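What the coordinates show
One letter stands for each residue in the lines below.
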Amino acid sequence: QVQLVESGGGLVQAGGSLKLSCAASGRTFSSDAMGWFRQAPGKEREFVAVISGSGGITYYATSLKGRFTISRDNAKNTVYLQMNSLKPEDTAVYYCAARTGSLTLSQKTRTYDYWGQGTQVTVSS
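Every value quoted in this text rests on a predicted model; they were computed, and no experiment measured them.

Observations concerning the pattern of salt bridges
Enumeration over the complete set of coordinates arrives at four salt bridges. In this structure, Asp-90 engages Arg-38 in a salt bridge whose closest nitrogen and oxygen atoms are separated by 2.9 Å. You can see Asp-90 sitting in the loop between β8 (78-83) and β9 (92-99) and its partner Arg-38 sitting in strand β4 (residues 33-39), a full 52 residues away along the chain. In this structure, Asp-90 and Arg-38 share a single accessibility class: buried. A salt bridge links Asp-90 to Arg-67; the nearest nitrogen and oxygen atoms lie 2.8 Å apart. Separated by 23 residues along the polypeptide, Asp-90 in the loop between β8 and β9 and Arg-67 in the loop between β6 (58-60) and β7 (68-73) bring together distant segments of the chain. For Asp-90, a relative accessible area of 1% gives the class buried. The network of salt bridges with common partners includes Arg-38, Glu-46, Arg-67 and Asp-90.

Here it is as structure tokens:
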């Protein structure tokens, strides 16, 4: 059974940092794009970042570029999201997702095949 399990969320003050992890099990995703998304209360799930299977290509939501960094360790079947200079508006549940069977890096939630259960990030002002 394929599972994606996020961890590393929590409560942090504005300006602080958190590093999220997404550990995959049940299959290897080293050839697949992995993405991070987030969903704030009352809002739609939105794209945060995506990374290619090799880790050589990354894309970010324009508003987050420069503060967030996505990376992966294929030996550990794990993807990370380093979040710096956090703001209260970054408060959301953060989800990782895997997109299989395509080399295209996508920002659309419907194109991802596997999802984690999410981890809460709360940024206090």
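Next, the rest of the story.
Quick look at the side chain of Asn-77
Mapped onto the secondary structure, Asn-77 falls in the loop between β7 and β8. From its side chain, Asn-77 meets the backbone oxygen of Arg-27 in a polar contact 2.9 Å long. From its side chain, Asn-77 meets the backbone nitrogen of Phe-29 in a polar contact 3.2 Å long. Apart from residues lying up to four places away in sequence, Asn-77 is in contact with Cys-22, Ala-23, Ala-24, Ser-25, Arg-27, Thr-28, Phe-29 and Ser-30.

A look at the packing of aromatic side chains
Taken as a whole, this structure holds five aromatic pairs when the rule is applied. A centroid spacing of 5.1 Å and a plane angle of 80° characterise the contact between Phe-37 and Tyr-112, whose relative ring orientation is edge-to-face. Taken together, the residues span a long stretch of sequence, with Phe-37 in strand β4 and Tyr-112 in the loop between β9 and β10 (114-115) at a distance of 75 residues. Taken individually, Phe-37 and Tyr-112 each receive the classification buried, so the pair is uniform in this respect. Put simply, the rings of Phe-37, Phe-47, Tyr-112 and Trp-115 touch in pairs and so form one group of aromatic residues. If you follow Lys-19 out to its NZ or CZ, it ends over the ring of Tyr-80, 4.7 Å from the centre. A cation over a ring is seen here: Arg-45 above Trp-115, with NZ or CZ 4.9 Å from the ring centre.

A look at the state of the cysteines
What the rule picks out here adds up to one disulfide. Paired by a disulfide, Cys-22 and Cys-96 hold their sulfur atoms 1.9 Å apart. Because the sign of the S-S torsion sets the handedness, a value of about 50° for the bond joining Cys-22 and Cys-96 places this disulfide among the right-handed ones. Taken together, the residues Cys-22 in strand β3 (residues 18-25) and Cys-96 in strand β9 connect sequence positions 74 residues apart.

Some points on the pairing of β4
Remark: a regular strand shows side chains that alternate across the two faces of the sheet. With six of its seven residues buried, β4 lies for the most part within the structure. Here seven bridges tie β4 to β9, and the two strands are oriented antiparallel to one another. Looking at β9, one finds that Met-34 is bridged to Ala-98. Summarising the sheet, β4 and strand β5 (residues 46-51) pair through five bridges and their orientation is antiparallel. Paired with Gly-35 across the strands is Val-50, a residue of β5. Where β4 hands over to β5, the hairpin turn is made up of six residues, of which Gly-42 adopts a positive phi near 80°.

What counts and how
Residues numbered from 1 in each chain as written. Predicted model: local features only at pLDDT ≥ 70, side-chain atom pairs only at ≥ 80, totals over all residues. Heavy atoms only, no water. Salt bridge = Lys/Arg side-chain N within 4 Å of Asp/Glu carboxyl O. Helix = DSSP H or I, 4+ residues; strand = E, 2+ residues; numbered from the N terminus. Buried < 20%, exposed > 50% of the residue type's maximum accessible area, 1.4 Å probe, protein only. Polar contact = N/O pair within 3.5 Å; in protein donor to acceptor, adjacent residues only side chain to side chain. Contact = heavy atoms within 4.5 Å. Phe/Tyr/Trp six-rings, centres within 6.5 Å; stacked < 30°, edge-to-face > 60°. Lys NZ or Arg CZ within 6 Å of the ring centre and 35° of its normal. Disulfide = S-S within 2.5 Å. Pairing = 2+ DSSP bridges.

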